[in-house]
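What follows is the residue order along each chain.
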Amino acid sequence: MTLLDAVLSLSDAPESGEALQRILRALAQVTAADALSVLAAAEDGSVSVAAQIGLSPAAMGLSFRPAEHPRLRRATLAAGPIRFLDPSEPDPYSGWLLGNAGEIHPIHACMAVPLRVQGRLAGLLTLDACDPRGLRDLRDEDARVFAALCAGALRLDAGPARALAPEARRAPGGPALPGRSAAMQRIEREIAMLAPLSVPVLVTGETGVGKERVARALHERSPRASRPLVIVNCAAIPAQLVESELFGHRKGAFTGATAARAGRFEAARGGTIFLDEIGELPLSAQAQLLRALQEGEIQPVGEDRPRRVEARVVAATNRDLRREVAEGRFRADLFHRLWVYPICVPPLRERREDIPALCERFAAEVAAELGAERVDVTEAALRALAQGAFPGNVRELKNTMERAVLRRTLAEGKGAAGRRLVVRREDVDPAEATASGAPLVEAAGERPLLGGAPLIEAAGERLLLGGGPAEAPVETLAETLERARREAFARAFRAAGGNAATAGRLLGLSRSFAYKEAVRLGLIPAPGPRKR
């Protein structure tokens, strides 16, 4: 297959998935890459595998969030082809490569090219070669040509979802709600158990704890991932329009209904509908919703016959629905239909040990938005954040992190693009940082530190959130997490007697990833170079 064949595939292929496969086959003829893939960009910023050669068949539809993968994040921000030379950066495809148990040696050739359509990111073209010199003969100009062909192929369809195989699935690039607390680990297990099923799920918790993230994880890890996820804020819909919004209406059904309209359930057909603040639904709409759950039928306003519709229902509320039922504001039969398996997300004040992981995630997200190389947080700033009251929970913590990064950017008087930013104690809002009542301790020659914070027990470990000596050296968030990571891997490998598969199970990771990280951390010797 020649480059001409790849060009002709744009007009000959019936749809973009086949065109992309033909282009990759042509590229495989002119390079020594062991794995090639095209990742299509979605509206939520994630990228998913739309075509591939050399990866496990299960990799089709695999989804990543670039903010959580250094190489993908850099590739989405690059102006052209980018080659990755730092072996310490994790490869997103580790564990998915065909042969050799799916492992990718840390020292290998890796390259990515952004795919842009009218200036907007449409996806990524990636190449991996186990031989560190495997991509040396591929010129950047040639890579740009193939990338342009892939970008053109993505335009054949209305969106990336159609480029996926029917059986494609989404696998998250990270946990739904980052954290090391027992509560978050429990929620991750519940999501893994419930995602493949079609039963309704009710997510409960205070405002801002991350209920929508749980709903997204349930959808993205389910067989419905290639179908729509429709999000409905029930509290934002006027009471007189709720039934029309959810179930649709026919023309002339009521004043102002100048045309027939499909409702949100129709839009979610085959996928998932997320009903946020379901406790705000009026009783009349609750009756229709109960019928949709029990019979799989809806009845648009003004129509005589019901319609069949199949969509999984995930609901969320910050109300006590048992009390709402007792006081007659929520139907008891609907409550019991939704209460098949509730997921309760605790408030942030009950899981403060999750704050470092959340800050790391938010720092990566804001770095990607600003085009910064990375965003780190000093130990003093992290202490201040960890002691905040945060009545708005995770949402408020995210807003606080974003403001702190913007304050640091303004304080330095330079743009954030391409730079490393370090959030300091003074960048955190003092009112938020001291909301818990902890006093500020001023040390000579030091920035203010929060004192008097307790040690919090987390899974048998003590996580220092404040109260350290003023003369202690400042440690960035990245350094803190790296130290904790090293300790966790060291304990797991000691308990496993050096066996990577057992250590991976103890850590909740794949054997290949546990092995690669242990090598990177210097806990076990690196293997010799592979023979080809």
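Residues numbered from 1 in each chain as written. Predicted model: local features only at pLDDT ≥ 70, side-chain atom pairs only at ≥ 80, totals over all residues. Heavy atoms only, no water.

Let us look at the confidence of the model for the protein chain. Predicted confidence across the protein chain gives a mean pLDDT of 78, with 79% of residues reaching 70 or more. Taking the mean pLDDT of every element in the protein chain, the minimum, 29, falls on strand β17 (residues 449-450) and the maximum, 96, on strand β7 (residues 201-204). This stretch, residues 158-173, has a pLDDT under 50; its non-local contacts, to residues over four places away or in other chains, come to 44 contacts. Low confidence marks residues 432-473, where pLDDT is under 50. Its contacts with residues over four positions away, or in another chain, come to 83 contacts. (pLDDT = per-residue confidence, 0-100. Helix = DSSP H or I, 4+ residues; strand = E, 2+ residues; numbered from the N terminus. Contact = heavy atoms within 4.5 Å.)

Moving on to the sheet that holds strand β12 (residues 312-317). Two pairing modes exist for strands in a sheet, parallel and antiparallel, and in both the strands are linked by backbone hydrogen bonds. Taken in spatial order, the 5 strands of this open sheet run β8-β9-β12-β7-β13, and their pairing is parallel. On the outer flanks of this sheet lie β8 (229-233) and β13 (342-344), each paired with one strand and no other. With strand direction ignored, the average angle separating the axes of adjacent strands in the sheet is 20°. In the sheet, strand β9 (residues 272-276) pairs with β12 via 4 bridges, with the strands oriented parallel. Note on β12: the bridge partner recorded for Phe-274 is Val-314. Against the sheet, helix α5 (residues 182-194) makes contact with β7, β12 and β13, and its axis sits at roughly 155° relative to β13, the strand it touches most. (Pairing = 2+ DSSP bridges. Axes fitted to C-alpha atoms, helices over the stretch in contact; angles between N-to-C directions.)

Looking now at the sheet that holds strand β6 (residues 120-129). Strands sit in the order β3-β2-β1-β6-β5-β4 across an open sheet of 6 strands; the sheet is antiparallel. The two strands at the open ends of the sheet, each matched to only one other strand, are β3 (63-64) and β4 (82-83). Most of the contacts of helix α2 (residues 16-29) go to strand β2 (residues 47-53), to which it runs at about 55°, and overall it touches β1 (35-41), β2 and β6. This element, helix α3 (residues 70-77), spans β2, β3, β4, β5 (109-117) and β6 of the sheet and lies at about 40° to β5.

A word on the environment of Thr-409. For Thr-409, the position within the fold is in helix α14 (residues 393-412). Residue Thr-409 is classed as buried on the basis of its relative accessible area of 13%. Expressed as a C-alpha distance, the spacing of Thr-409 and Leu-421, which sit 12 residues apart in the sequence, is 7.5 Å. Sequence-distant contacts of Thr-409, defined by excluding residues within four places in its chain, comprise Lys-414, Gly-415, Ala-416 and Leu-421. (Buried < 20%, exposed > 50% of the residue type's maximum accessible area, 1.4 Å probe, protein only.)

Within soluble globular proteins, side chains that are nonpolar generally end up buried alongside one another. Grouped together as the largest cluster of nonpolar side chains are 31 residues, with contacts concentrated most on Leu-20, Leu-115, Leu-125 and Leu-127. Elements supplying a minimum of two residues to this core: α2, β1, β2, β5, β6 and α4 (140-154). With 8 residues, the top contributor of residues to this core is α4. Residue contacts for Leu-20: discarding those within four places in its chain leaves Val-38, Ala-50, Ala-51, Cys-150, Ala-153 and Leu-154. Listed in part, the 29 residues of the second largest apolar core include Ile-237, Leu-275, Ala-311 and Phe-330. (Core = buried A, V, L, I, M, F, W, Y, C linked by side-chain atoms within 4.5 Å.)

When you line up the elements, Arg-224 lands in the loop between α6 (211-220) and β8. Classification of Arg-224 as buried rests on a relative accessible area of 9%. Spatially, the C-alpha atoms of Arg-224 and Pro-196 are 8.6 Å apart, while their sequence positions differ by 28 residues. Leave out the neighbours within four places in its chain, and Arg-224 touches Ser-198, His-219, Gly-270, Gly-271, Thr-272, Glu-310, Ala-311 and Arg-312. A polar side-chain atom of Arg-224 sits 3.5 Å from the main-chain carbonyl oxygen of Gly-270. There is a polar contact of 2.5 Å between the side chain of Arg-224 and the side chain of Glu-310. (Polar contact = N/O pair within 3.5 Å; in protein donor to acceptor, adjacent residues only side chain to side chain.)

Let us now look at the pattern of salt bridges. Evaluation of the coordinates by the stated rule reveals 33 salt bridges. Across the salt bridge formed by Arg-65 and Glu-220, the nearest N and O atoms sit 3.1 Å from each other. Within this pair, whereas Arg-65 is found in the loop between β3 and α3, its partner Glu-220 is found in helix α6, the two being separated by 155 residues in sequence. The partly exposed category is assigned to Arg-65, whose relative accessible area is 23%. Across the salt bridge formed by Glu-412 and Arg-408, the nearest N and O atoms sit 3.6 Å from each other. One end of the pair, Glu-412, and the other, Arg-408, are both in helix α14, 4 residues apart, so they sit about a helical turn from each other. Taking the relative accessible area as the measure of exposure, Arg-408 reaches 9% and is therefore buried. Several salt bridges converge on common partners, so that one network encompasses Glu-280, Arg-319, Glu-324, Glu-327 and Arg-329. (Salt bridge = Lys/Arg side-chain N within 4 Å of Asp/Glu carboxyl O.)

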